[in-house]
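Letter by letter, the chains look like this.
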Amino acid sequence: MIMRKRLIDQDAKPFLYQAIGDYQVEAAKAMLGRDFRIGDLSQIVLSLYGALPLPPDVNPQRNLGQIAGIAFGAGKSSKTLVLADSPNKLTGAATLKKAIAQRDNLMGGWDRVVVLGWNFEPSIGETITALNDNRLEVLVIPPDLMDRLKKKGGIDKLRGQVRFSSLQYLTIHPIERSPSTGSGRTGSAESVDGGQETLTVKLKNYVLLSPEAINLDDANRIKLQAVINQEPLALIEYWAVDPDYDGKVFRSVWQDYRGNTANDADALRVVTQAVVTTSAKAGPRKVCVRVVDVFGFEAEVIVTVGVV
């Protein structure tokens, strides 16, 4: 976040940033010893979720578990497959599709599958919506899990106290698209030569994952809940717009962050509207909006905007 702010303050061109390092793995090594494997951490997560591990012959990575229960109103047993994803990677479309395939085929099939993830692709919300699978559930592993394990003194003392929450999400108002003065709209080229157009992007709402999943004391949790109820957009630390998103690399051409007074005089909040002037384009354009909240969680919205 610090580096992004510095790039913005230096009027940097569109830039790409990547995160390096893995806090969860290092924390697990410190707690479980240098010989620990990712599968050891997955076993802990599965146990805290209440799942029993699958047999080793169908579970070589030790990241799959199962929960048996009674189906509502049916009086018969239901089977839930649980996948604890690795903290070494971002949980995204590939993981969810693999989980669905395992649900449908592994050991004769399962009624539903739950994917537990540490870190997520910013597009995870769009991915879940596109899959449209009501037998798939995606939950967040508490980011402070290793700290809590260390403070409590082990998995048995933490059992029953860990909440796996749903993902946070962002909503925006319909994007307004209009030609700038002197912008031509003729021709079928990908970009209209010499022309410009304006996109007006307005944030609508931001829904944070459950406050219980964040490491706060009771007093600050109450304050956080009040902010969530009264002014949820105040939880946004940074947001950016890519007016020509290719679905792969997010190229930020407009940004705002808390503490920045270039867009308004309020240093405690981001602005909730962006007016982006960009090269005119014939036909629809795909716009991506990404936000980072004060806890470091990311969310995004991708919208296809029709012609002016």
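Note on numbering: residues in each chain are counted from 1, in written sequence order. Owing to the predicted nature of the model, reporting of local features is limited to residues with pLDDT of at least 70; listing and counting of side-chain atom pairs is limited to 80 or more, with chain, interface and lining totals taken over all residues. Side-chain numbers here rest on the full set of heavy atoms in the structure, without hydrogens or water.

Time to look at the pattern of salt bridges. Salt bridge, as applied in this entry: a Lys or Arg side-chain nitrogen positioned within 4 Å of an Asp or Glu carboxyl oxygen. This model, assessed by the stated rule, comprises 18 salt bridges. Taking the shortest distance from any N to any O, the salt bridge between aspartate 104 and arginine 103 comes out at 2.9 Å. Note on classification: 1.4 Å probe, protein chains only; a residue is buried when its accessible area is under 20% of the maximum for its type, exposed when over 50%, partly exposed between these limits. With relative accessibility at 38%, the residue aspartate 104 sits in the partly exposed group. With relative accessibility at 2%, the residue arginine 103 sits in the buried group. If you follow the salt bridges from partner to partner, you end up with Arg177, Glu197, Asp244, Lys281 and Arg285 in one network.

The next thing to look at is the confidence of the model for the chain. Low-pLDDT stretches of the model should not have their predicted coordinates read in fine detail. Looking at the chain as a whole, the pLDDT averages 83, with 87% of positions reaching at least 70. For the chain, per-element mean pLDDT is lowest for helix H2 (residues 23-32), which scores 71, and highest for helix H4 (residues 93-105), which scores 96. What pLDDT reports is the predictor's confidence in each residue, on a scale of 0 through 100. Any two residues having at least one pair of non-hydrogen atoms within 4.5 Å are treated as being in contact. Considering only residues more than four positions removed or in separate chains, one finds that residues 182-192, a stretch of pLDDT under 50, has 27 contacts. Numbering of helices and strands starts at the N terminus; helices are DSSP runs of H or I of at least 4 residues and strands are runs of E of at least 2.

Here the focus is the sheet that holds strand E12 (residues 285-293). We call two strands paired when DSSP finds no fewer than two bridges between them. The sheet built from four strands is open, its strands ordered E10-E9-E12-E13 with antiparallel pairing. The sheet terminates laterally at strand E10 (254-257) and strand E13 (298-305), the two strands that pair on one side only. Taking each pair of neighbouring strands and ignoring which way they run, the sheet shows an average axis angle of 10°. Pairing of strand E9 (residues 236-242) with E12, which is carried by six bridges, proceeds in the antiparallel orientation. Convention adopted: a line fitted to C-alpha atoms gives each axis, helices being fitted over their contacting stretch, and angles between N-to-C directions are expressed from 0 to 180 degrees.

Put simply, buried Ala, Val, Leu, Ile, Met, Phe, Trp, Tyr and Cys residues joined by side-chain atoms within 4.5 Å make one nonpolar core. Grouped together as the largest cluster of nonpolar side chains are 28 residues, with contacts concentrated most on Leu170, Tyr206, Trp239, Val241 and Val289. Taken together, the elements giving at least two residues each to this core come down to strand E6 (169-172), strand E8 (191-207), helix H8 (218-230), E9, strand E11 (273-281), E12 and E13. The element that contributes the greatest number of residues to this core is E8, accounting for four residues. Each residue touching valine 289, except ones within four places of it in the same chain, is listed here: Leu170, Ile172, Val201, Leu203, Trp239, Ala240, Val241, Ala299, Glu300 and Val301.

In the cavity and pocket records, a cavity denotes points on a 1 Å grid over the protein atoms alone where a 1.4 Å probe fits but cannot get out, a pocket denotes an open set with protein on both sides within 12 Å along at least 5 of 7 lines, and lining residues are residues with an atom within 4 Å of a point. Grid points are joined across faces, edges and corners, and a volume is the space filled by probe spheres set on the points. The computed volume of the second largest pocket comes to approximately 290 Å³. For the second largest pocket, the lining is made up of 19 residues, of which Gln61, Asn63, Leu83, Asp85 and Lys98 are closest to its centre. Top element by residues in the lining of the second largest pocket is H4. It accounts for four residues. Here the residues of the lining of the second largest pocket are counted per class, giving eight nonpolar, eight polar and three charged. Each residue gets one of three labels, nonpolar for Ala, Val, Leu, Ile, Met, Phe, Trp, Tyr, Cys and Pro, charged for Asp, Glu, Lys and Arg, and polar for the others, Gly among them.

What follows covers the side chain of arginine 4. Positionally, arginine 4 belongs in helix H1 (residues 2-9). Glutamate 298 provides the closest opposite charge to the buried, unpaired arginine 4, separated from it by 4.2 Å. Leave out the neighbours within four places in its chain, and arginine 4 touches Phe15, Tyr17, Tyr238, Val292 and Glu298. Just so you know, the count uses Lys and Arg for positive and Asp and Glu for negative, and it drops His and the chain ends.

Attention shifts here to the environment of valine 287. Topologically, valine 287 is positioned in strand E12. Sequence separation of valine 287 and aspartate 242 is 45 residues, and the distance between their C-alpha atoms is 5.8 Å. Those residues in contact with valine 287, other than ones at most four positions away along the chain, are Ile175, Leu199, Val241, Asp242, Pro243, Val301, Ile302, Val303 and Val305.

The next subject is the side chain of glutamate 197. For glutamate 197, the position within the fold is in strand E8. Here arginine 177 takes part through its side chain, which lies 2.6 Å from a polar atom of the side chain of glutamate 197. We call two N or O atoms a polar contact when they sit within 3.5 Å, provided that within protein one can donate a hydrogen and the other can accept it, with sequence-adjacent residues counted only if both atoms are side-chain atoms.

Here we come to H1. Burial in H1 covers these residues: Arg4, Lys5 and Ile8. Along H1, the residues classed as buried sweep out an arc of 100° about the axis, all on the same side. In H1, the exposed positions angled more than 90 degrees off the buried face are occupied by Ile2, Met3 and Arg6. Each element contacted by the buried residues of H1 is listed here: E9, E10, E12 and E13. In the segment just after H1, aspartate 11 is the residue with positive phi, at about 55°. Summarising the geometry, the arc corresponds to the directions from the helix axis toward the C-beta atoms.

Below, the discussion takes up the packing of aromatic side chains. For any pair of aromatic rings, the description rests on two quantities: the centre-to-centre distance and the angle between the ring planes. Centres within 6.5 Å are what make two rings of Phe, Tyr or Trp a pair, Trp counting through its six-membered ring; a difference in plane orientation under 30 degrees is then read as stacked, over 60 as edge-to-face, and the rest as tilted. With the rule as written, the count across this model stands at three aromatic pairs. Centroid distance tyrosine 49 to phenylalanine 164: 5.2 Å. Interplanar angle 90°. Geometry classified as edge-to-face. Linking tyrosine 49 in helix H3 (residues 38-49) with phenylalanine 164 in the loop between helix H7 (155-158) and E6, this pair joins segments that are 115 residues apart in sequence. Given the relative accessible area of 21%, tyrosine 49 is considered partly exposed. When its relative accessible area of 12% is taken as the criterion, phenylalanine 164 is described as buried. Definition used: whenever NZ (Lys) or CZ (Arg) falls within 6 Å of the ring centre and also within 35 degrees of the ring normal, the charge is taken to sit over that ring. When the ring centre of tyrosine 238 is taken as reference, the NZ or CZ atom of arginine 4 above it lies at 4.7 Å. Against the face of tryptophan 110 rests lysine 79, its NZ or CZ located 4.8 Å from the ring centre.

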